[in-house]
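# Inside the fold
Given next are the chains, with one letter for each unit.
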Amino acid sequence: MKLLTLDIETTGLNHNGNKIIEIGCIEIKDRKITNNIFHTYINPEITINEEIIKITGIKNEFLKNKPKFKEIVDDFLKFIFEYKDIIIHNADFDINFINTELSRINHNIKNIKEHFNIIDTLKIARKKHPGKKNNLNALCNRYSIKTEIREYHGALIDAKLLAEVFIKMTSSQTKIKITSKEITKKEEINEKIDIKVIKANKLEIIKHNKYMEQLKKISDKK
């Protein structure tokens, strides 16, 4: 079984007036986290809310020379269309932002919910732990998942932690019942996507390698 965890960071909380600044995705295959990831920062072309800067550590100056959403969207969609099931914590938030970004550039894909089976871990957690806090931090604490690398909220780090939470949260089930919608237009969509390769600069490669080393250390300690 192949699944994908997805997380985003944004300039603010309302998708109508804000934009995505970071996307992180991590693959789960046969209930194990793999090194197959998608990660990018995005120039939103608007100012980030000061509270968001405090939470994410991502500053306006850092994003100034990053690609815009329209420049990464095809790579992003090509990556996620390899999967039928996408795991998101508080899925409506992320989906609303992604769909709004797609709408802004008049993309032929209007609603990603029509193409995937979305697994919302917040809904699962609320059923398993009613009356308790069920944000990502609370779930990591509940399932003894180490969060040392989470100094700030980051899409890639949170996608990794979400993958660990999902695996532990569903470990007692003998069979995970996940129903997937068939992506009937997958080939048609892939044909329409003209892939633009955006190469990372040296600093981004160094940061990415550092991310993966930190993530591997946590996995190795388990």
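Residues numbered from 1 in each chain as written. Predicted model: local features only at pLDDT ≥ 70, side-chain atom pairs only at ≥ 80, totals over all residues. Heavy atoms only, no water.

We now examine the environment of Asn14. Take Asn14: it is sitting in the loop between strand E1 (2-10) and strand E2 (20-29). Under the relative-accessibility criterion, Asn14 is labelled partly exposed at 44%. For the pair Asn14 and Phe93, spaced 79 residues apart in sequence, the C-alpha to C-alpha distance is 8.7 Å. There is a polar contact of 2.8 Å between the side chain of Asn14 and the backbone nitrogen of Asn16. (Helix = DSSP H or I, 4+ residues; strand = E, 2+ residues; numbered from the N terminus. Buried < 20%, exposed > 50% of the residue type's maximum accessible area, 1.4 Å probe, protein only. Polar contact = N/O pair within 3.5 Å; in protein donor to acceptor, adjacent residues only side chain to side chain.)

Considering all chains together, one arrives at three salt bridges under this definition. Of the charged contacts in the structure, one is a salt bridge between Glu51 and Lys54, with a shortest N-O distance of 3.5 Å. Here the residue Glu51 and the residue Lys54 both occupy positions in helix H1 (residues 50-56), the gap between them amounting to three residues, near one helical turn. (Salt bridge = Lys/Arg side-chain N within 4 Å of Asp/Glu carboxyl O.)

Within a sheet, neighbouring strands are paired by backbone hydrogen bonds and run either parallel or antiparallel to one another. Strand order across the open sheet formed by five strands is E3-E2-E1-E4-E5, with mixed pairing between neighbours. The open sheet terminates on both sides in strands that have one partner only, identified here as strand E3 (32-41) and strand E5 (117-120). When strand polarity is set aside, the average angle formed by the axes of neighbouring strands in this sheet is 25°. In terms of strand pairing, E1 meets E2 through nine bridges, oriented antiparallel. The residue of E2 that forms the bridge with Thr10 is Ile20. Lying on the sheet, helix H3 (residues 69-80) is in contact with E1, E2, E3 and strand E4 (85-88); it crosses E2 at an angle near 10°. Helix-sheet contacts for helix H5 (residues 121-128) involve E4 and E5, and the interaxial angle to E5 is about 45°. (Pairing = 2+ DSSP bridges. Axes fitted to C-alpha atoms, helices over the stretch in contact; angles between N-to-C directions. Contact = heavy atoms within 4.5 Å.)

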